[in-house]
Amino acid sequence: MGAINLAATSNSQWIFPLSALHSTPSWCTSNIPLEKELYDRSRGVEFLYRLGVSLVLPSSAMYTAATWFHRFYMRYSMEDYHRQDVAASCIFLATKTEECGRKLRDVAKVVCSKISHTDVTKIPDDSKEVEECQNIILLTEEVLLEGLCFDFVVDSPHADLVDLFEACPNDPQIEDCAWSIANDSYRTPLCILYSPKVIAAACYILAERAIEGPHSSSLDARIASPAPSASLPTPPSHKSQPPGTSRRAIEFFSFNEMELANVADALSILLEYYGAQDIQGSCQFLASVASIPPPHSSAHREKLYKPFAHVAAAATQPVNSSTPEYVLSQGGTPSHGGSSTPGKLPSSGWKPVTESAP
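Residues numbered from 1 in each chain as written. Predicted model: local features only at pLDDT ≥ 70, side-chain atom pairs only at ≥ 80, totals over all residues. Heavy atoms only, no water.

J.: Got a minute to help me understand the nonpolar core in this structure?
T.: Side chains of a nonpolar character, in soluble globular proteins, are inclined to be buried together. If you look at the biggest cluster of nonpolar residues, it comprises 105 residues, and the most contacted ones within it are Leu-48, Leu-206 and Val-263. Those residues in contact with Leu-48, other than ones at most four positions away along the chain, are Met-62, Ala-65, Ala-66, Phe-69, Ala-87, Cys-90 and Ile-91. (Core = buried A, V, L, I, M, F, W, Y, C linked by side-chain atoms within 4.5 Å. Buried < 20%, exposed > 50% of the residue type's maximum accessible area, 1.4 Å probe, protein only. Contact = heavy atoms within 4.5 Å.)

Written out as C-alpha cells, the structure reads:
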C-alpha cells in the first residue's frame, strides 16, 4: 500500500495547471510563443517515436520517454536544449529504466540516420558524427536527470485503457482507435496536465464518437453527470438504447465533477491538436475527427493550438509528412503498424536495426 501511495505522490508533483503552459521557461526566458512551443513539442515527440520504433523499443519505453520530454520543458527552455537532443536522451535513459537496454552507439547511429536521412547501415560506428552525437546525448542526459529530480516513475493511460477494455469489451475498432489517440496524446502536453485515467477516458470517448459517427450522441452527452432525476423511479421503457450513448468510461472510472471537467478539457485539447494539422491531403478519418464539436464546457478556455501550417510559416520551416505530426496514421482508420507510432503490443526484444531508409 505504501508503494502505491508513493507512486501516486510522485506523479502528482508532475501534474501542472493548464495556466502553467503560459509561463514555461521557453516563454519566460526565451519569448517563444506557446503555439510555437506546442508545435515543437509535438515534433520532438514525433522524432522520439521514430527513434524508438527504429530501435525496436517496447511501447512502454516510448511512453515513458515522451512523458519525460514534456516534464523536461517545464523546467528548461527549448531555446537552450534542442528538441532532438532531449528526445534522444529521453529514449536512451528509458532503455535503462525500462530494462530494454540499447548501446549508446546504436542510439546515436539511429539519431544520425534520422537527422541526415541516411541509411543507418551506411553510418560507420566510429564516424565523427556518431561520436559527437554520443557526447551530446550524455551531456543532455545529465541535465535531464537533474530536471527530473531523478524521479523516473511514469504511469501511462494505456494501462488504464487495457483495464477498461477488459472490464467493458467493445467494438475492436473503437478500442484500436482509442489506442491510437492515446499514442497521439503524447504529442500534446496532456501527460503533464491530467491523470492517466482522465486521458484514457478522453481517448476512449473520442474514439467512440469518431467511430459511431456524426449522428451519434455528442461529447457533452457522453460526459454529462447523471441527471438528478435519474435516481427516481421511471416508467419502464422498451426502447433500445440509441447508439452513441455509452458511458462505459465515465462509469468505469467513477469520476467526480472535477475529473469530468478535466475529461472535457482533455477532449478539447485533443480536438484542437487534430484541428491544427494540415488536413488537406490527409486521410478522411483525420478530417472527421477534427470536425467533432468539442464539449461546450470548455468553450470559455482560450485555444492552445494554432494551425501548424501558420506556425511553421512564421518560423520559416516547411510542413511535410516527415517532420510535423501526421497522426492517426494516413489510412482510413487508426493503425498501430506505422513507422513512427508505437504499436499496441510491445516488441518481443532487441533486433539489429536493418531498415533500408531513415
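The discussion continues.
J.: What am I meant to see in the packing of helix H4 (residues 59-72) against helix H5 (residues 83-97) here?
T.: Think of two packed helices as two axes; the pair is described by the angle between the axes and how far apart they sit. Running from N to C, H4 and H5 cross one another at 135 degrees; their axes reach a closest spacing of 8 Å. Looking at the two axes, H4 sits oblique to H5. For the crossing formed where H4 meets H5, the hand is right-handed. Touching Ala-61, Met-62, Ala-65, Trp-68, Phe-69 and Phe-72 of H4 are Arg-83, Val-86, Ala-87, Cys-90, Ile-91, Leu-93, Ala-94 and Thr-97, all from H5. (Axes fitted to C-alpha atoms, helices over the stretch in contact; angles between N-to-C directions. Helix = DSSP H or I, 4+ residues; strand = E, 2+ residues; numbered from the N terminus. Parallel < 35°, antiparallel > 145°, perpendicular 65-115°, else oblique. Left-handed = near helix turned anticlockwise from the far one by under 90°.)

J.: Even after reading the chapter, I still don't get the pattern of salt bridges, so can you show me in this structure?
T.: Opposite charge on two side chains permits them to pair, given that their charged atoms come into close proximity. As enumerated under the stated definition, the model contains 15 salt bridges in all. The salt bridge involving Lys-96 is made with Glu-141; its shortest N-O contact spans 2.7 Å. Of this pair, Lys-96 sits in helix H5 while Glu-141 sits in helix H7 (residues 128-147), placing them 45 residues apart in sequence. Given a relative accessible area of 44%, Lys-96 falls into the partly exposed group. The class of Glu-141 is buried, set by a relative accessible area of 8%. Where Arg-248 meets Glu-208, a salt bridge forms, and the shortest distance between an N and an O atom there is 3.5 Å. Of this pair, Arg-248 sits in helix H12 (residues 248-253) while Glu-208 is found in helix H10 (residues 196-212), placing the two residues 40 residues apart along the sequence. (Salt bridge = Lys/Arg side-chain N within 4 Å of Asp/Glu carboxyl O.)

J.: How do you make sense of the packing of aromatic side chains when you look at a structure like this?
T.: Centre distance and the angle of the planes are the two values used to describe a pair of aromatic rings. Here the structure, examined in full by the defined rule, presents 16 aromatic pairs. Where Phe-165 meets Trp-179, the ring centres are 6.5 Å apart and the plane angle is 40 degrees; that geometry is what we call tilted. One end of the pair, Phe-165, is in helix H8 (residues 157-167); the other, Trp-179, is in helix H9 (residues 172-185), with 14 residues separating them in the sequence. In this structure, Phe-165 and Trp-179 share a single accessibility class: buried. A ring pair is formed by Phe-165 and Tyr-204, whose centres lie 6.3 Å apart and whose planes are at 40 degrees; its orientation type is tilted. Here Phe-165 is found in helix H8, whereas its partner Tyr-204 is found in helix H10, with 39 residues between them in sequence. This pair shows no difference in class: Phe-165 is buried, exactly as Tyr-204 is. Among the aromatic residues, ring-to-ring pairing joins Tyr-39, Tyr-273, Tyr-274, Tyr-305 and Phe-308 into one connected group. (Phe/Tyr/Trp six-rings, centres within 6.5 Å; stacked < 30°, edge-to-face > 60°.)

J.: Mind showing me how you'd approach the environment of Leu-18 here?
T.: Relative to the helices and strands, Leu-18 resides in the loop between helix H1 (2-12) and helix H2 (25-28). For the pair Leu-18 and Leu-304, spaced 286 residues apart in sequence, the C-alpha separation works out to 9.8 Å. Excluding its chain neighbours within four sequence positions, the residues that come into contact with Leu-18 are Leu-193, Tyr-194, Ile-269, Arg-301 and Leu-304.

J.: Before we go on, may I ask you to explain the packing of H8 against H9 in this structure?
T.: Between H8 and H9, whose axes approach to 10 Å, the crossing angle comes to 170 degrees. With respect to H9, the axis of H8 lies roughly antiparallel. Only Glu-175, Ala-178, Trp-179, Ala-182 and Asn-183 of H9 make contact with H8, whose side of the interface consists of His-158, Leu-161, Val-162 and Phe-165. Taken together, the residues of the contact of H8 with H9 break down into six nonpolar, two polar and one charged. (Nonpolar A, V, L, I, M, F, W, Y, C, P; charged D, E, K, R; others polar.)

Any link to function would need more than the numbers given here.
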